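Listed below, chain by chain, are the residues.
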Amino acid sequence: MERTDNRIVRFGEILDMVKSYYQDADLDLIRAAYVYSARVHQGQTRMSGEPYLTHPVAVAAILAQMKLDEASVATGLLHDTVEDTLSTFEDIESYFGTEIATLVDGVTKISKIAFQSKEERQAENFRKMILAMSRDIRVLLVKLADRLHNMRTLTHMPREAQVRISRETMEIYAPLAARLGIYWMRTTLEELAFKYLEPDRYEFILKRLEESVEEREKYVNEVLTVITDKLEKENINTIIKGRNKDIYSIHRKMLSQRLEFEQLHDLTAFRIILDSVSECYTVLGLIHAIWRPVPGRFKDYLAMPKSNGYQSLHTTVIGPEGHRIEIQIRTHEMDLIAEEGIAAHWSYKEGKSVTPEDTRVVNWLRQMMEWQQDLDDPREFLENVRVDLYPDEVYVFTPKGDVKEFPRGSTPLDFAYSIHTEVGQSCIGARVNGKMVSLKYELTTGDTIEIITSTHQKPSKDWLKHVKTGRARTKIRHYLLSQEREKAIEQGRETVERELRKWRIDLNRVEKEGAILKIAQEFNFKTELDLYVAIGHGRQSAKIIVTRLVPLSEREQPKTLALEEKLNTPRRPKGKSGVKVQGLSDMLVHFARCCNPLPGDSILGFITRGRGVTIHKTDCANLPDSDPKRILEASWDDSQPLQRTVKIGLLSDNKPGMLAAVSGVFTSNDSNIIQANVSSIDDTNARGVFLVGVRNVEHLTRIINALKKVKGIREVERLGTI
């Protein structure tokens, strides 16, 4: 196969090539593709002035030289029809079927990717994206053939385009060819790209090679003679090749080892091709017996093949005149696979089918070549090969053309948080490929994402259901916790301020003086804010502030009540309270908001100067901090029926009819709804808080038990403060 063939190919040659390796090929399909391509590209020309049709024909010829199936060759003829003519995917599908239409569509999508970044990480992401998009391996093979011919005819393009296309070829397509094991294509692509990226360096090395060609040929012949004579004496049949290293590899070696051209003595590599693996190791021993091997330069890719299926023995020895010689030793099958990669698979069979044991990325190509060991038909082989190298990843574009990698199932929220936390916090949606999508949209490889933000948007708990990346999840949780903390700080500080106001103490002043911080540290809080959080969450009482700031002698008489303290006795209530204090039923009483006691609860009274008696439940958490001398016995007055208001909270399904069912429970149990607050938590859950009238604890218990029996209600609880 001629690797650097740049001549105009006749269509008849393509048919002859396909027929030579695949007798049952559908040549009529290829003919139809040629006729269609000629018709839709009619009148179009290339930069060289040649008819545009010469390009798809050349691409098809490369694919035929690689011995691909007729669908691949037909796709080569049609690969630019959707992108560069008025043809559509539907047209191709109508004329040539779904298989070829899908292949053409895949090549078209890859062709639209514009590589812009010079960063190696971005280059790797682009390579992954192309592999992920090429779920049928033939898509990538056609694209590589397309790129190869474009590089061979790049001389007619403007200099700026030459550099851009060559850089893309060097960083994206040449490594992909290597990934597929098609080393001749990688080498050719690198050589051509190097020629345009660094023309002066290319010409320098080319000139030096031309000047030393006679000397190198003489040296090659001398080495070949020595090896051939040795192997003939051992009766080993072999093919020995000596080839000059390509210009780009010479350039890389000069850079990496900081050598001048004259210091390079291994410009020629030798390849020994044998019939069996055992002969490979035998010949390796013979070579090392002739010339001394260089320590550390031996690689056994027979025992440990490369991830793309490449196998060979590599060794470097000190040859004639003290020059280093690189030698590769392999079988005929290995040599073909080393050159053609995946495209060479069906040329050899081992007579057995191998089941892959590991589907990880590092083994994917080797396994694909093992799966179909018994197939002679390239069409059958390629149709069954599907690339899914990155099943758990998607690759998408930013508006600037950079590629970002995300776990499969990621959404615009993951993308937004990957840009910046503030972009994530204010994300309200996205445009994907120019179309509006919701925050729940799952990204797919090849999408171009543009985030839409709003200053009014804030994260919610629901967002946690729609993100996959750890970064987004962490940022959302951090925001929610910070909002919860800020709310608790606000509530806690208001509670402390309200408590201190009774004693005419200014909270701002004591904060500035450091008194609050000191109190907080006494209770093992780092800052006063941490103390406010604990108070806001109900884990700490605000009274600890008062007990530390107000002298004990003054705590009996709050300053705000000084006027009322002048009154010897509290005013009598106009009606009955429903509570007896120390056996008396006409005391001025009010009920504590902290525990909200109900008839039936065990209660105590607490003397509040000037305000009568406050009724608490006996197990109220606030009583232990109270002055025992001001605690009085109290009981419910059964002769005075009392209607009390209680707060009930419930968690239920978010579905129609739930509010009506809850209201029915209160009505059937003779309870009046004073206030109701019902809200949706998400699509499936709702929360309700009801203020209702009850007569006593038994009445409340009956209502709660009835609510728990309602289908769809999962939690019911009595809440404290009203």
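About the criteria used
Residues numbered from 1 in each chain as written. Predicted model: local features only at pLDDT ≥ 70, side-chain atom pairs only at ≥ 80, totals over all residues. Heavy atoms only, no water. pLDDT = per-residue confidence, 0-100. Helix = DSSP H or I, 4+ residues; strand = E, 2+ residues; numbered from the N terminus. Contact = heavy atoms within 4.5 Å. Expected span 1.5 Å × (residues − 1). Buried < 20%, exposed > 50% of the residue type's maximum accessible area, 1.4 Å probe, protein only. Arc of directions from axis to C-beta. Pairing = 2+ DSSP bridges. Axes fitted to C-alpha atoms, helices over the stretch in contact; angles between N-to-C directions. Phe/Tyr/Trp six-rings, centres within 6.5 Å; stacked < 30°, edge-to-face > 60°. Core = buried A, V, L, I, M, F, W, Y, C linked by side-chain atoms within 4.5 Å.

> Run through the confidence of the model for the protein chain, naming residues and quoting values.
For the protein chain, mean pLDDT is 79; residues scoring 70 or higher make up 80% of the total. Least confident of the elements in the protein chain is helix α26 (residues 562–565), whose mean pLDDT is 39; most confident is helix α2 (residues 27–40), at 94. Low pLDDT, under 50, characterises residues 343–390; the predicted model gives this stretch 110 contacts beyond four residues in sequence or across chains. A low-confidence stretch, residues 559–575 stays under pLDDT 50, and its non-local contacts, those more than four residues away or across chains, total 20 contacts.

> Residues and numbers for helix α15 (residues 277–290), please.
When the terminal C-alpha atoms of α15 are compared, their 20 Å separation across 14 residues agrees well with the 20 Å that a helix rising 1.5 Å per residue should span. Buried within α15 are the following residues: Cys280, Val283, Leu284, Leu286 and Ile287. Looking straight down α15, one finds its buried side chains confined to an arc of 165°; they lie on one side. Residues of α15 that are buried make contact with α13 (213–233), β2 (268–274), β5 (313–318) and β6 (324–331).

> Would you mind going over unusual backbone geometry in detail, with residue names and values included?
Of note, the phi angle at Lys67 is positive, near 65°, even though the residue is not glycine. Looking at the secondary structure, you find Lys67 in the loop between α3 (54–65) and α4 (70–78). The backbone of Glu321 shows a phi angle near 65°, a positive value even though the residue is not glycine. Checked against the element boundaries, Glu321 lands in the loop between β5 and β6. Glu321 gets classed as exposed once you look at its relative accessible area, which sits at 62%.

> Which residues make up the sheet that holds strand β12 (residues 579–581), and what values do they have?
Judged by pairing direction, the sheet is mixed, and its 5 strands sit side by side in the order β12-β16-β14-β15-β13 without closing on themselves. The open sheet terminates on both sides in strands that have one partner only, identified here as β12 and β13 (589–591). Averaged over neighbouring strand pairs, the angle between their axes works out to 35° when direction is ignored. One ladder, built from 6 bridges, connects strand β14 (residues 603–608) with strand β15 (residues 612–617); its direction is antiparallel. Considered in β15, the bridge of Thr608 is made with Gly612.

> Residues and numbers for the sheet that holds strand β11 (residues 449–453), please.
Sheet architecture is open: 3 strands sit in the order β10-β9-β11, paired in antiparallel fashion. In the strand order of this sheet, the two ends are held by β10 (435–437) and β11, each with one partner. With strand direction ignored, the average angle separating the axes of adjacent strands in the sheet is 35°. Two elements, strand β9 (residues 427–432) and β10, share 3 bridges in a ladder whose sense is antiparallel. Its bridge partner lying in β10, Ala430 is registered against Val437. Strand contacts of helix α19 (residues 412–419): β9, β10 and β11, with the helix running at about 85° to β11, the strand carrying the most contacts.

> Please set out the packing of aromatic side chains residue by residue, giving values where relevant.
All told, the structure shown has 9 aromatic pairs when counted by the stated rule. Between Phe194 and Tyr248, the aromatic rings sit 5.5 Å apart at their centres with planes inclined by 55°, giving tilted as the arrangement. With Phe194 in helix α11 (residues 183–197) and Tyr248 in helix α14 (residues 247–257), the pair connects residues that are 54 residues apart, well separated along the chain. Tyr248 carries the same exposure label as Phe194, and that label is buried. Both rings, one in Phe666 and one in Phe690, keep their centres 5.5 Å apart while their planes meet at 50°; by these two values the pair is tilted.

> How would you explain the nonpolar core if you had to name every residue and give the values?
By size, the foremost hydrophobic cluster in this structure holds 70 residues, and its most contacted members are Ile14, Val18, Val73, Ile100 and Met185. No other element matches helix α9 (residues 137–152), which puts 9 residues into this core. In contact with Val18, not counting residues within four places along its chain, are Ala25, Leu27, Ile30, Ala64 and Val73. Val220, Cys280, Leu302 and Ile329 belong to the second largest nonpolar core, which has 24 residues in total.

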